[in-house]
Amino acid sequence: MNCVELILKWYCDNKRMLPWRMDHDPYHVWISEIMLQQTRIEAVIDYYQRFMKRLPNIKALSIISEDELLKLWEGLGYYSRARNLKKAAIKIMEDYDGEFPHTYSDILSLPGIGEYTAGAISSICFHLPEVAIDGNVMRVYSRICDLDLDISNPKTKKQIGNEIRSILPENSGDFNQGMMELGEVICIPNGNPKCDLCPVKYHCKAHLNGRESLIPRKIKSKEKLEEEYTLLLLKCNHKFAICKRKEGLLKNMWEFPNYQGFLTYEDIHRLFPDLLSVKLGITNTHIFTHKKWFMNSYYIELDHYIDSYLWVTLEEIENDYALPSAFTPFLEELKKNIHN
Ligand code: SF4
């Protein structure tokens, strides 16, 4: 058997039975692929099942309110993915009579769907001869061929895509999934592939040359941009202030009011001259893909509501407003304090 046949056989014998693999419905594959971007499979399973229970089809997704959708997505992060899902569902309802499009170019034209996802849906659901190239696939392929290429370079992605397309078997969906799965469970990153368990160990050039831990070549990741914020945990009666973020990262998401930079007690008194009490709260560091936020906080009690904020109870924040995970530790701390 050649490498392609070995990978197909291995996938057929070993594939994990995941909820979105029970059929080849493009809606199921689409939602799972979007959820799996930046999130591990184990973490996605519960979200996927909850999502499907509430939104079992494209029509339901196209008419859900944005607030409820973001609440459903809460914890997965990168909320633009959820917004794009809804935009794409509306486009499918309007332009394709509610039926998921069948061609690669139509799939690629949907909001939030890039080449990888379009390739995955096209091959898995419609058996089209399309490749789905992500970091896993590039790692596996460059090891099998012992390619000393910078996989962060878009030209490498194109080259690998062309080479895989030329060997793609008829059941392209299974092969693409086999490559992805191999990269997730056997040919894992950071120089520690489990070559003993690998179906292509006798064909893999990097392994035969003893170079598997050197491939793919590592490129130093850029320094993360660092930002400092002060969160204002404003309380009046039994309600807390929240607002929608106006710009930048997490735009339009609910958040606790905050200021860029670390504020002092003097700053707080200048902002709220008639506050009832103030004390320093917890700190938290949150790491996004390209940014790092250092956050401190103040508990501030007021005797009047401020109109520019929405005032809600902690239960309402938890149940009705999607608060990004950067702010979760502050919500948890407020809950602890309110019960003590
Ligand atoms: S033999 Fe090792 S390096 Fe080669 S594809 Fe398999 S797991 Fe990856």
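Residues numbered from 1 in each chain as written. Predicted model: local features only at pLDDT ≥ 70, side-chain atom pairs only at ≥ 80, totals over all residues.

### Describing unusual backbone geometry
Move 1: Geometrically, the link from Ile 215 to Pro 216 is a cis peptide bond, its omega value of -5 degrees lying close to zero.
Move 2: Looking at where Pro 216 falls in the secondary structure, it is placed in the loop between α12 (205–208) and β1 (225–236).
Move 3: Not every positive phi belongs to a glycine, and Asp 146 is a case in point at roughly 50 degrees.
Move 4: You can see Asp 146 is positioned in the loop between α9 (135–144) and α10 (154–167).
Move 5: By C-beta crowding, Asp 146 is classed as partly exposed, having 16 other C-beta atoms within 10 Å.
Move 6: Not every positive phi belongs to a glycine, and Leu 250 is a case in point at roughly 65 degrees.
Move 7: Within the secondary structure, Leu 250 sits in the loop between β2 (239–244) and β3 (254–255).
Move 8: Under the C-beta neighbour-count criterion, Leu 250 is labelled buried, with 20 such atoms within 10 Å. (Helix = DSSP H or I, 4+ residues; strand = E, 2+ residues; numbered from the N terminus. Buried ≥ 20, exposed ≤ 12 C-beta atoms within 10 Å, placed from the backbone.)

### Notes on the domain arrangement of the protein
How big an interface is tends to be stated in terms of the accessible area lost upon association of its parts.
Move 1: Once the domains are mapped, the protein shows domain 1 (3–208) and domain 2 (225–339).
Move 2: Of note, the centres of domain 1 and domain 2, computed from C-alpha atoms alone, are 37 Å apart.
Move 3: Taken together, the contact between domain 1 and domain 2 spans 7 residues of the former and 4 residues of the latter.
Move 4: For the side of domain 1 that touches domain 2, the residue count by class is 3 nonpolar, 2 polar and 2 charged. (Domains from an automatic or database assignment. Contact = placed C-beta atoms within 7 Å. Nonpolar A, V, L, I, M, F, W, Y, C, P; charged D, E, K, R; others polar.)

### Observations concerning the environment of Gly 183
Move 1: Here Gly 183 is to be found in helix α11 (residues 172–185).
Move 2: Look at Gly 183 and you get buried, because 21 C-beta atoms sit within 10 Å.
Move 3: Counting along the chain gives 48 residues from Gly 183 to Gly 135, while the straight-line C-alpha distance between them is 8.4 Å.
Move 4: Not counting chain neighbours up to four residues away, the residues in contact with Gly 183 comprise Asn 136, Val 137, Arg 139 and Val 140.

### Regarding the nonpolar core
Move 1: By size, the foremost hydrophobic cluster in this structure holds 56 residues, and its most contacted members are Ile 121, Ile 133 and Val 137.
Move 2: A total of 7 residues in this core trace back to one element, the largest contributor, which is helix α2 (residues 26–36).
Move 3: Not counting chain neighbours up to four residues away, the residues in contact with Val 137 comprise Ala 132, Met 179, Met 180 and Gly 183.
Move 4: Leu 233, Leu 234, Tyr 299 and Ile 300 belong to the second largest nonpolar core, which has 21 residues in total. (Core = buried A, V, L, I, M, F, W, Y, C linked by C-beta atoms within 7 Å.)

### Brief notes about the site of the ligand
Move 1: Neighbouring the ligand are 15 residues, the closest being Cys 187, Pro 193, Cys 195, Cys 198 and Cys 204.
Move 2: Secondary structure elements with two or more residues in the shell around the ligand: α9 and α12.
Move 3: The leading source of residues in the shell around the ligand is α9, at 3 residues.
Move 4: Residues of the shell around the ligand, tallied by class, amount to 10 nonpolar, 1 polar and 4 charged. (Near = placed C-beta within 6 Å.)

### Points about helix α3 (residues 41–54)
Residues spaced three or four apart along an α-helix face the same direction, because each turn holds 3.6 residues.
Move 1: Taking 1.5 Å of rise per residue, the 14 residues of α3 would be expected to cover 20 Å, and the 20 Å separating its terminal C-alpha atoms lies within 8% of that figure.
Move 2: The complete set of buried residues in α3 reads Val 44, Tyr 48 and Phe 51.
Move 3: The elements touched by buried residues of α3 are α2 and α5 (66–73). (Expected span 1.5 Å × (residues − 1).)

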